[in-house]
Amino acid sequence: MPATLPRKTARARKLPGIEKAPSGIDGFDQITGGGLPRGRTSLVCGSAGSGKTLFAMEFLINGAVECKEPGVFLAFEETADELAENVASLGFDVESLVAKNMLSVDFVKIDRSEIEEAGDYDLEGLFVRLNHAIDSIKAKRVVLDTLEALFAGFTNEALLRSELRRLFHWLKGKGVTALITGERGDGELTRYGLEEYVSDCVISLDNRVVDQVSTRRMRIVKYRGSAHGSNEYPFLIDETGFSVLPVTSLGLDYSVSTERVPTGVAALDDMLDGGGYFRGSSILVSGTAGTGKSSLAALFADASCRRTEKTLYFALEESSGQVCRNMKSIGIDLQSWQDRKLLQIHAARPTVFGLEMHLVTMHKAVEEFQPRSLVLDPISSLTTTGNPSEVKSMLVRLFDYLKMKQITCLVTSLTSKPGFEETDLGISSLIDTWFQVRDIEISGERTRGLYLVKSRGMGHSNQVREFLITSHGVDLVPVAVGPHGVLTGSAREHQESEQRAQALHRQQEIERKQRGLLRKSKALDAQIEAMRAELAAEEEEARASADESTAREDRLTAARALLSENRSAARSKNGRRA
């Protein structure tokens, strides 16, 4: 199990306050602390095309599906069939909910010519119709879309304000959670300038175009009786509906881990105290064009997939197919990981969205795919959408979010100044581990060198490594040091060749001396053996001489004894004769 350091809990305590109705819209409920005020009236305003109707419809549908709260949608501009058709592209089945009495969609046609501002005219007929719709399905939620269509024929401002107040009070009296849409006015949040004052919650939607790039933003203008986020929050409308990025910055209160994540290059792991990156850390690979930044990023993604950990890869300059083809040339098969659903490559030009929309898109992709690793290649191209300070602000939010989720993030950055230990975006202080890949030119040859600028929380190498990209992957080799400095490429190979030749010559000299000593040893052994043989012969001759001397003595002794016996026998014979 990965070791995780303790931290203070970041879970928000549930504070006493008004009851809320969850909207079911990603991010919005976090901004508002639970949703819209239950039993009260809220207003969502914005210019044409900002997403007011869709927000309101999704509020009703999510309430019916997720909270089992029936809802009524009273439209003044679009028919029920048109509404059902419009939201069907987002996966919402309005007709099914209507059939189950969980949703009622009613279209009220109002012509200017039919409105008479005379006598005791009021909206009593609308209240009767709306009351019937609410009671028929026991609705808990109501949407009126839009106020401008309802009051289009009013020119008496006093009557208009009176009817607006009466409408809001009537809805509150019914105890339903009401959401009313309104068009943005000239210098006001709404056209009539009254709705925002009588509403308990006011939501402003904005579709802003800057430098021909559109960005949708949401702001909670007010929320009576509840704390809420007050910043502008980017939101996205896609095939699944609304999704809001709920944070501008998550701060520094997140868990940290001591678990190590391999880099994908064994020699690089050795440079990082033999273990790789920390889980949940941010890694930067910077360098000039063609230095191998994307290759290191792909190796990191490949290593993550090999551990069966999901990886998100955001490519801002190449298509998914191009990334897979290029990486296959160095032995990395990213397509196989895509086929196994371990890798998702999202390819989009930076100019397609604004910075905020890129951030929302990444946030949404992370929530849906739940990766353990993320690659963003390259962040420097985001400067085509915003200035460096805006890009840095976006990346601060992205890094904080990923650290909170314990997702290890590797980003690449193109630098314009070789060897300059600062990024063009000024994000070096946000990075935990920073590699620089540089071109090194020696003797008319360009090679790559990898420098480990910093790595927080671990020992790391301060040595420059030559960075080699081959058809079998990436390798790091120690650079050689010659009389005039660092040597790489063919200069390093030439010096290594000379060193090998010198080593071979020394080895041969040692072997020659060893052979001479061996010959002398053998000659000495032969001399010793000859002397031993000579000694043995002399010893044998001495023994033979001694044996001959002993045999002579024995023969002499035997002869003396025989002579003595013969003399004794002759004396005895002469004595008998006498």
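The model shown is predicted, which means the values in this text are computed figures rather than measured ones. Each chain has its residues counted from 1, running along the sequence as written. In keeping with the predicted nature of the model, local features appear solely for residues at pLDDT of at least 70, side-chain atom pairs appear and are counted solely at 80 or more, and the whole-chain, interface and lining totals rest on all residues. Computation of side-chain values covers all heavy atoms of the structure but excludes hydrogens and water.

Chemist: So what exactly am I meant to see when it comes to the overall build of the protein chain here?
Modeler: The numbering of helices and of strands both runs from the N terminus, where a helix is a DSSP run of H or I of at least 4 residues and a strand a run of E of at least 2. Along the protein chain, the regular secondary structure elements total 15 helices and 24 strands. Accessibility here uses a 1.4 Å probe with only protein chains present; expressed as a share of the type maximum, an area under 20% marks a residue as buried, one over 50% as exposed, and anything in between as partly exposed. Every one of the 578 residues in the protein chain was classed for burial, and the buried ones make up 46%. Carbon and sulfur atoms make up 50% of the accessible area of the protein chain, which totals about 29700 Å². Using a 1.4 Å probe, the Shrake-Rupley method yields the accessible areas, and only the shown protein chains count as cover for residues.

Chemist: How should I be thinking about the packing of aromatic side chains in this particular structure?
Modeler: Pairs of aromatic rings are described using the distance from one ring centre to the other and the angle between the two planes. Classification of ring pairs uses Phe, Tyr and Trp, with its six-membered ring standing for Trp, and accepts pairs whose centres are within 6.5 Å; under 30 degrees between planes counts as stacked, over 60 as edge-to-face, and the remaining range as tilted. Overall, the coordinates contain 6 aromatic pairs when judged by the stated rule. Judged by centre distance (5.8 Å) and plane angle (65 degrees), the ring pair of Tyr277 and Phe300 falls under edge-to-face. Placement of the pair is Tyr277 in strand β13 (residues 277-278) and Phe300 in helix α10 (residues 293-306), with a sequence separation of 23 residues. For the pair Tyr277 and Phe435, a centre-to-centre distance of 6.3 Å together with 65 degrees between the ring planes defines the contact as edge-to-face. In this pair, Tyr277 sits in strand β13 while Phe435 sits in strand β19 (residues 433-442), placing the two residues 158 residues apart along the sequence. Each of the two residues, Tyr277 as well as Phe435, counts as buried. What links up through ring pairs into an aromatic cluster is the set Phe28, Phe55, Phe235 and Phe242. Here, a charge over a ring is recorded when the distance from Lys NZ or Arg CZ to the ring centre is within 6 Å and its angle to the ring normal is within 35 degrees. Geometry around Phe278 places Arg260 over its ring, the cationic atom sitting 4.9 Å from the centre.

Chemist: Teacher, can you tell me more about helix α13 (residues 355-369) here?
Modeler: Structural remark: α-helix, 3.6 residues per turn; residues separated by three or four positions point the same way. Helix span is expected to be 1.5 Å times the residue number reduced by one. In a regular helix each residue adds 1.5 Å, so 15 residues correspond to 21 Å; α13 covers 21 Å between its end C-alpha atoms and thus fits that length. Within α13, 12 of the 15 residues are buried, leaving the element largely enclosed by the surrounding structure. When we look at burial in α13, the residues that qualify are Leu355, Glu356, Met357, His358, Leu359, Val360, Met362, His363, Lys364, Ala365, Val366 and Phe369. Downstream of α13 by one or two residues, Gln370 has phi in the positive range, about 55 degrees.

Chemist: Sorry if this is basic, but what is going on with the nonpolar core here?
Modeler: The tendency in soluble globular proteins is for nonpolar side chains to be buried side by side. Core analysis: the biggest nonpolar cluster contains 39 residues, and Leu268, Leu296, Tyr313, Leu334, Phe435 and Leu450 have the highest contact counts within it. Looking at which element gives the most residues to this core, the answer is α10, with 7 residues. Whether two residues are in contact is decided by their heavy atoms, any of which lying within 4.5 Å being enough. Phe435 has contacts with Leu268, Leu272, Tyr277, Ile283, Leu284, Val285, Ser286, Leu450, Tyr451 and Leu452, leaving out every residue within four places of it along the chain. Listed in part, the 37 residues of the second largest apolar core include Phe73, Ala84, Val87 and Met102. For our purposes a nonpolar core is just a set of buried Ala, Val, Leu, Ile, Met, Phe, Trp, Tyr and Cys residues, chained together by side-chain atoms within 4.5 Å.

Chemist: Looking at this structure, I do not really get the pattern of salt bridges. What am I missing?
Modeler: Counted as salt bridges are all cases of a side-chain nitrogen of Lys or Arg within 4 Å of a carboxyl oxygen of Asp or Glu. Across all of its chains, the model carries 19 salt bridges by this definition. When the shortest N-O distance is used, the salt bridge between Arg456 and Asp432 registers 3.4 Å. On the criterion of sequence distance, the pair formed by Arg456 in the loop between β20 (445-455) and β21 (465-470) and Asp432 in the loop between β18 (408-414) and β19 is long-range, its members being 24 residues apart. Look at Arg456 and you get partly exposed, because its relative accessible area is 38%. Residue class for Asp432 comes out buried when judged on its relative accessible area of 13%. Several salt bridges converge on common partners, so that one network encompasses Glu19, Arg38, Glu69 and Arg141.

Chemist: In this structure, what is going on with a negative patch on the surface? I would like to understand it.
Modeler: Patch construction takes residues with relative accessible area above 30% that form no salt bridge. Like charges are linked within 9 Å, and nonpolar side chains (Val, Leu, Ile, Met, Phe, Trp, Tyr) are linked within 5 Å. None of His or the chain ends enter the tally, which takes Lys and Arg as positive and Asp and Glu as negative. The atoms used to mark charge sites are NZ of Lys, CZ of Arg, CG of Asp and CD of Glu. Taken together, the side chains of Asp81, Glu82, Glu85, Asp93 and Glu95 make up a negatively charged region of the molecular surface. The leading source of residues in the negative patch is helix α3 (residues 80-88), at 3 residues.

Chemist: Looking at this model, I keep getting lost on the pairing of strand β11 (residues 241-244). Mind explaining?
Modeler: Two faces belong to every sheet, and in a regular strand the side chains alternate between them. Summarising the sheet, strand β10 (residues 232-238) and β11 pair through 4 bridges and their orientation is antiparallel. Bridged to Ile237 within β11 is Phe242. Where β10 folds back onto β11 in an antiparallel hairpin, the turn is made up of 2 residues. Only when DSSP finds a minimum of two bridges between them are two strands counted as paired.

Chemist: Would you mind going over the environment of Asn86 with me for this structure?
Modeler: By the secondary structure assignment, Asn86 is in helix α3. Put simply, Asn86 and Leu54 are 32 residues apart on the chain and 8.9 Å apart in space, counted from C-alpha to C-alpha. Side chain to side chain, Asn86 and Glu78 meet in a polar contact 2.7 Å long. Any pair of N or O atoms that falls within 3.5 Å is considered a polar contact. Within protein, one atom must be able to donate a hydrogen and the other to accept it, and sequence-neighbouring residues count only if both atoms are side-chain atoms.

Chemist: Just to check I follow, could you spell out the confidence of the model for the protein chain for this structure?
Modeler: Caution applies to low-pLDDT regions: their predicted coordinates should not be interpreted in detail. Each residue gets a pLDDT score, which is the predictor's confidence in that residue and runs from 0 to 100. Per-residue confidence for the protein chain gives a mean pLDDT of 80, with 83% of residues at or over 70. At the level of individual helices and strands, the protein chain shows its lowest average pLDDT in strand β24 (residues 485-487), which scores 55, and its highest in strand β15 (residues 311-315), which scores 94. Counted against residues more than four places away or in other chains, residues 1-15, with its pLDDT under 50, gives 17 contacts. Taken as a whole, residues 115-121 scores under 50 in pLDDT and shows 13 contacts with residues more than four places along the chain or in a different chain.

Chemist: Is there a simple way to think about α10 in this case?
Modeler: The first and last C-alpha atoms of α10 sit 20 Å apart over 14 residues, in line with the 20 Å expected at 1.5 Å per residue. Most of α10 sits out of view: 12 of its 14 residues are buried. If you check which residues of α10 are buried, you get Lys293, Ser295, Leu296, Ala297, Ala298, Leu299, Phe300, Ala301, Asp302, Ala303, Ser304 and Cys305. Downstream of α10 by one or two residues, Thr308 has phi in the positive range, about 60 degrees.

Chemist: Looking at this structure, how should I read the environment of Ala365?
Modeler: With respect to the helices and strands, Ala365 occurs in helix α13. For Ala365 and His346, which are 19 residues apart along the polypeptide, the C-alpha to C-alpha distance reads 9.0 Å. Sequence-distant contacts of Ala365, defined by excluding residues within four places in its chain, comprise Leu312, Phe314, His346 and Gln370.

Chemist: Which parts of the structure should I look at to understand the side chain of Ser42?
Modeler: Summarising the element assignment, Ser42 is placed in strand β3 (residues 41-46). Sequence-distant contacts of Ser42, that is, excluding residues within four places in its chain, are made with Leu36, Pro37, Ala178, Leu179, Ile180, Ser199 and Cys201.

Chemist: For this particular structure, what's the right way to read the side chain of Thr311?
Modeler: Within the secondary structure layout, Thr311 lies in strand β15. Polar contacts involving the side chain of Thr311 include one to the side chain of Ser304, which spans 2.9 Å. Not counting residues up to four positions away in its chain, the partners in contact with Thr311 are Ala301, Ser304, Cys305, Leu342, Leu343, Gln344, Phe369, Pro371 and Ser373.

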